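Notes for the structure review
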Amino acid sequence: GGSIFMQIDKWKSHLNERKYIINKFKNKKIFILGSNFGPYTDEEFKNEYEALFKKCTDVCFRDKYSYDLFKHIKNVRLAPDIVFQLKNDDYNKRDTRKCVGISIINLEERNNLKSFVKPYEIKIKDIIEKYIENGYEIKLFSFCKSEGDDKAIDRVLNITNKTYLNKINSFEYNGNIDSYIKEFKSCEIIVGTRFHSVILSQLFGQGLYPLVYSEKTVNILKYLELDKFYSDISDIEHLDVNEIINIASSNKIN
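Every value quoted in this text rests on a predicted model; they were computed, and no experiment measured them.

**What to know about the sheet that holds strand 2 (residues 31-37)**
The sheet built from 4 strands is open, its strands ordered 1-2-3-4 with parallel pairing. One side of each edge strand has no neighbouring strand; the edge strands of this open sheet are strand 1 (2-5) and strand 4 (76-78). Put simply, the sheet's adjacent strands are angled 50° from each other on average, direction ignored. In this sheet, strand 4 lies alongside strand 3 (residues 58-61) in parallel orientation, the contact comprising 3 bridges. Its bridge partner lying in strand 4, Val59 is registered against Val76. Against the sheet, helix 2 (residues 43-53) contacts strand 1, strand 2 and strand 3, and its axis sits at roughly 160° relative to strand 2.

**What to know about the pattern of salt bridges**
For the structure shown, the criterion picks out 17 salt bridges. Close ionic contact of Lys54 with Glu50 constitutes a salt bridge, the shortest N to O distance being 3.6 Å. Lys54 gets classed as exposed once you look at its relative accessible area, which sits at 52%. In this structure, Arg77 and Asp58 form a salt bridge, with 2.8 Å as the shortest nitrogen-oxygen distance. Of the two residues, Arg77 sits in strand 4 while Asp58 sits in strand 3, which places them 19 residues apart along the sequence.

**Some words on a negative patch on the surface**
Among the surface-exposed residues, Glu215, Asp232, Asp235 and Glu237 lie close enough to one another that they form a single negatively charged patch. Turning to its location among the elements, Asp235 is positioned in the loop between strand 10 (231-232) and helix 9 (241-247). Asp235 gets classed as partly exposed once you look at its relative accessible area, which sits at 41%.

**Quick word on the side chain of Ser197**
Secondary-structure assignment places Ser197 in helix 7 (residues 195-203). Taking relative accessible area as the criterion, Ser197 reaches 0% and is therefore assigned buried. Sequence-distant contacts of Ser197, that is, excluding residues within four places in its chain, are made with Ser103, Phe143, Phe184, Ile190 and Gly192.

**Quick look at the nonpolar core**
Ranked by size, the top nonpolar core spans 56 residues in total, and within it Ile102 and Tyr131 carry the most contacts. In terms of residue count, helix 4 (residues 117-133) provides more of this core than any other element does, 7 residues in total. Excluding residues that lie within four positions of it along the chain, Ile102 makes contacts with Ile124, Ile127, Ile128, Ile138, Lys139, Leu140, Phe141 and Val191. Residues Ile30, Tyr40, Leu69 and Val76 belong to the second largest nonpolar core, which totals 19 residues.

**What to know about the environment of Arg62**
In this structure, Arg62 sits in the loop between strand 3 and helix 3 (64-70). According to the relative accessible area criterion, Arg62 is buried, its value standing at 4%. As for Arg62 and Arg77, which are separated by 15 residues in sequence, their C-alpha atoms are 8.9 Å apart. Here the side chain of Arg62 touches Asn36 through a polar contact of 2.6 Å, side chain to side chain. Within the structure, the side chain of Arg62 is placed 3.0 Å from the side chain of Asp81, a separation counted as a polar contact.

**Some thoughts on the pairing of strand 1**
With 2 bridges joining them, strand 1 and strand 2 adopt parallel strand pairing. Residue pairing in the sheet places Gly2 in a bridge with Ser35 of strand 2. Considered for its hand, the β-α-β crossover made up of strand 1, helix 1 (residues 11-25) and strand 2 is right-handed.

**Observations concerning unusual backbone geometry**
Cis peptide bonds are those with omega within 30 degrees of zero, and the linkage from Gly38 to Pro39 qualifies with 0°. In this structure, Pro39 sits in the loop between strand 2 and helix 2. In the Ramachandran plot, Lys26 falls in the positive-phi region, its phi being about 55° despite a non-glycine side chain. Within the secondary structure, Lys26 is located in the loop between helix 1 and strand 2. Unlike most non-glycine residues, Glu225 shows phi in positive territory, near 60°. Inspection of the secondary structure assignment puts Glu225 in the loop between helix 8 (215-223) and strand 10.

Basis of the calculations
Residues numbered from 1 in each chain as written. Predicted model: local features only at pLDDT ≥ 70, side-chain atom pairs only at ≥ 80, totals over all residues. Heavy atoms only, no water. Pairing = 2+ DSSP bridges. Helix = DSSP H or I, 4+ residues; strand = E, 2+ residues; numbered from the N terminus. Axes fitted to C-alpha atoms, helices over the stretch in contact; angles between N-to-C directions. Contact = heavy atoms within 4.5 Å. Salt bridge = Lys/Arg side-chain N within 4 Å of Asp/Glu carboxyl O. Buried < 20%, exposed > 50% of the residue type's maximum accessible area, 1.4 Å probe, protein only. Patch = residues over 30% accessible without salt bridge, like charges linked within 9 Å, V, L, I, M, F, W, Y side chains within 5 Å. Areas by Shrake-Rupley, 256 points an atom, 1.4 Å probe, with all protein chains shown as cover. Lys, Arg positive; Asp, Glu negative; His and termini not counted. Charge placed at Lys NZ, Arg CZ, Asp CG, Glu CD. Core = buried A, V, L, I, M, F, W, Y, C linked by side-chain atoms within 4.5 Å. Polar contact = N/O pair within 3.5 Å; in protein donor to acceptor, adjacent residues only side chain to side chain. Right-handed = clockwise from strand over helix to strand, strands pointing away.

Structure representation (structure tokens):
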């Protein structure tokens, strides 16, 4: 699942495709796992999907907001994000060096966030430089090349103090999940924009400061009781980098 129930312009054609698939399954069991619902603006959208969910064997949402919308349906339930099931026997094995991981997204790919590209990337640059000045090494993570995370990383590096670049390494997810996760879990602290950077940080017992681009992240932070400290990207110009440094290392779930 994931964020597969957002009200976009072509939502009716998506809905019809899903109805077609479910009808083709006929007597087979149908499961929707690890999803969230919204954002949406029209009750018609919600009502149409309520009818579709009733045809399923099991619908499991990963956040309480989505669950509460449909909890009156008997086959709807709530469970933590599927990534929490990742085997993690050795998450305490950290890099011996002080290290901060930063998950970056390309806001140019998002119509509602394009205007924040510059302030977001400048703030990321400020976070990098401040942590390096505090003795940390930096790992920058691109979760999704197809959405341009790597391009955003390149732009940030281009505006970062050149004398700091030897303290920075970049990692792009290219299908080798084991090596990518190994680098991610080696970090002591995560400054996370991507939704699953937030989830993974808590699976690995890392300190966290979320930079939020979507309500789905706010909803999961509420579910994890970690919604006290975060910054919305639309307000990121006002974020004090020192606040991140003071908060992130101890901001994690019990």
